[in-house]
Amino acid sequence: VRISTLCCCEYWNIQQERSHLLGCCCNCEDFDESVERIVVCERVPFQRISNVMATFQDRLRIPWRGGAKQISIDSALPIFLQPLLAYIAAQSVWCTAVVSVFVLLSIMYLYSIFVRFLPRTKFFFVWTLTSTVLLLLVFEFNVVPFLEIMPHENCVLIALVIASGICLYKVRNKAEQSHVVHSELIEETELVCAVCRRRVPPRTFHCRICQACIIKRDHHCVWLDCCIGEHNHQLFILGVFLSAGALIYGAILTLTTVCHPSFYFMEMILLPDDCSDVYHDFM
């Protein structure tokens, strides 16, 4: 029985031994032997590679109260990928086009892979959070300092972001309310879930990712890592519209700041006109 209290940087490793985050670079026999085999051009056994990945995954942790918390590799990828891709895309218009196509195809491919082999991945949820933070940081620290955006325009954008964030946060919190609790008494019905083999209310569908039956299930949103059902569907629609509004409004503010703006529609709406010089300034 583990009776000792762990500090924020300690954890129990896969060998059930007490370890410290500072020991993440300690020797790993599997890794050392794999490197030796690569140096002498010998094949590395699959089991050895699997052990190295398991050790790396076990040591990938962040300080947390009560013990270092483990984070999965797929969850950490967006945090490193998005700034890197943004840096590459900012080099030239062709880099932007290549990165845009690459991201689209990669996301589609990763979705097909994760759905089959790792359905409970946090990759897409972390991608959503990282995207939001990155866009806000770029806007507030690189666009607003141009002093061409009025304070009330910035406040409107922040209000849209906060409102959409609150809606989508409630969507995640209310997701479990749409789960069918089989321990509760369900009215007599002939409907039986094909997966759970239990009676379920009408218009109930089983989600193999959530491993639960969802009342009035619309779909499983990988970007929020939850199912959209009876109790959070309206909030989800509202959150999507607010998010779209924030993205469009933020894009217009950004483009009319860094590009040459022009008035359209009866000289009332300001839209970007010439963005040919935008890549001359990396920031």
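What counts, and where the lines are drawn
- Residues numbered from 1 in each chain as written.
- Predicted model: local features only at pLDDT ≥ 70, side-chain atom pairs only at ≥ 80, totals over all residues.
- Heavy atoms only, no water.
- Helix = DSSP H or I, 4+ residues; strand = E, 2+ residues; numbered from the N terminus.
- Contact = heavy atoms within 4.5 Å.
- UniProt positions renumbered as here; feature names shortened; annotations may be inferred.
- Pairing = 2+ DSSP bridges.
- Expected span 1.5 Å × (residues − 1).
- Buried < 20%, exposed > 50% of the residue type's maximum accessible area, 1.4 Å probe, protein only.
- Bend = angle between axes of the 7 residues up to and from the residue.
- Phe/Tyr/Trp six-rings, centres within 6.5 Å; stacked < 30°, edge-to-face > 60°.
- Lys NZ or Arg CZ within 6 Å of the ring centre and 35° of its normal.
- Axes fitted to C-alpha atoms, helices over the stretch in contact; angles between N-to-C directions.
- Left-handed = near helix turned anticlockwise from the far one by under 90°.
- Nonpolar A, V, L, I, M, F, W, Y, C, P; charged D, E, K, R; others polar.
- Salt bridge = Lys/Arg side-chain N within 4 Å of Asp/Glu carboxyl O.
- Patch = residues over 30% accessible without salt bridge, like charges linked within 9 Å, V, L, I, M, F, W, Y side chains within 5 Å.
- Areas by Shrake-Rupley, 256 points an atom, 1.4 Å probe, with all protein chains shown as cover.
- Parallel < 35°, antiparallel > 145°, perpendicular 65-115°, else oblique.

## Description of the environment of Ala-212
- Among the secondary structure elements, Ala-212 is positioned in strand β6 (residues 212-215).
- Here the alpha-carbon distance between Ala-212 and Cys-227, two residues 15 residues apart in the chain, equals 9.7 Å.
- Beyond its immediate sequence surroundings of up to four residues, Ala-212 is in contact with His-179, Phe-205, His-206 and Cys-207.

## Let's talk about the UniProt feature "transmembrane region" (unreviewed entry) in the protein chain
- Mapped onto this numbering, the UniProt entry gives "transmembrane region" (unreviewed entry) at residues 84-111, 123-143, 149-169 and 235-258.
- Along residues 149-169, the helical share is 90% and the strand share 0%, with 29 Å between the first and last C-alpha atoms.

## Details of the pairing of strand β5 (residues 204-207)
- Where β5 lies against β6, four bridges are found, and the strand directions are antiparallel. Bridge pairing in β6 places Phe-205 opposite Ile-214.
- Turn length for the β5-β6 hairpin, with the two strands adjacent in sequence and antiparallel, is four residues, and the turn residue Gln-211 shows positive phi of about 55 degrees.

## Things to note about helix α7 (residues 233-258)
- With 26 residues, α7 ought to run about 38 Å at 1.5 Å a step, and its terminal C-alpha atoms sit 37 Å apart, in line with that.
- Taken as a whole, α7 has its buried residues at Phe-236, Gly-239, Ser-243, Ala-246, Gly-250, Leu-253, Thr-256 and Thr-257.

## Looking at helix α3 (residues 73-89)
- Compared with an ideal rise of 1.5 Å per residue, which puts 17 residues at 24 Å, α3 spans 24 Å between its outermost C-alpha atoms and is within 8% of the ideal.
- Where α3 bends most, at Leu-81, the angle is about 25 degrees, and the proline Pro-83 comes one to four residues later.
- If you check which residues of α3 are buried, you get Asp-74, Ser-75, Ala-76, Pro-78, Gln-82, Leu-85 and Ala-89.

## Topic: the packing of aromatic side chains
- Scanning all chains against the criterion turns up six aromatic pairs.
- Aromatic ring contacts, followed pair by pair, group Tyr-111, Phe-114, Phe-123, Phe-124, Trp-127 and Trp-223 into a single cluster.
- Positioned above the aromatic ring of Phe-125, the side-chain terminus of Arg-172 is 4.2 Å from the ring centre.

## Looking at the packing of α3 against helix α5 (residues 123-143)
- Taken N-terminus to C-terminus, the directions of α3 and α5 make an angle of 35 degrees; their axes are 8 Å apart at the nearest point. Handedness of the crossing formed by α3 with α5: right-handed. Residues Asp-74, Ser-75, Leu-77, Pro-78, Ile-79, Gln-82, Pro-83, Leu-85 and Ala-86 of α3 form the contact with α5, whose participating residues are Phe-123, Val-126, Trp-127, Thr-130, Ser-131 and Leu-134.
- In terms of residue class, the contact of α3 with α5 is built from ten nonpolar, four polar and one charged.

## Describing the pattern of salt bridges
- Under the criterion given, the structure shown has four salt bridges.
- For Arg-37, the salt bridge goes to Glu-33, with nearest N and O atoms at 3.6 Å. Residue Arg-37 and its partner Glu-33 are located together in helix α1 (residues 29-39), separated by four residues, close to a single helical turn.
- A network of salt bridges, in which partner residues are shared, links Glu-33, Arg-37 and Glu-42.

## Some details on a nonpolar patch on the surface
- Together, Leu-77, Leu-81, Leu-84, Tyr-87, Ile-88, Phe-282 and Met-283 make up a nonpolar patch on the protein surface, roughly 660 Å² of accessible area in all.
- For Met-283, the location among the structural elements is in the segment after β10 (269-274).

## Details of the packing of α5 against α7
- At a minimum axis separation of 11 Å, α5 and α7 run at an interaxial angle of 30 degrees. In terms of axis orientation, α5 runs roughly parallel to α7. The hand of the α5/α7 crossing is left-handed. Contacts between α5 and α7 involve Leu-135, Phe-139 and Val-143 from the first element and Leu-247, Gly-250, Leu-253, Thr-254 and Thr-257 from the second.
- For the contact of α5 with α7, a count of residues per class yields five nonpolar, three polar and no charged.

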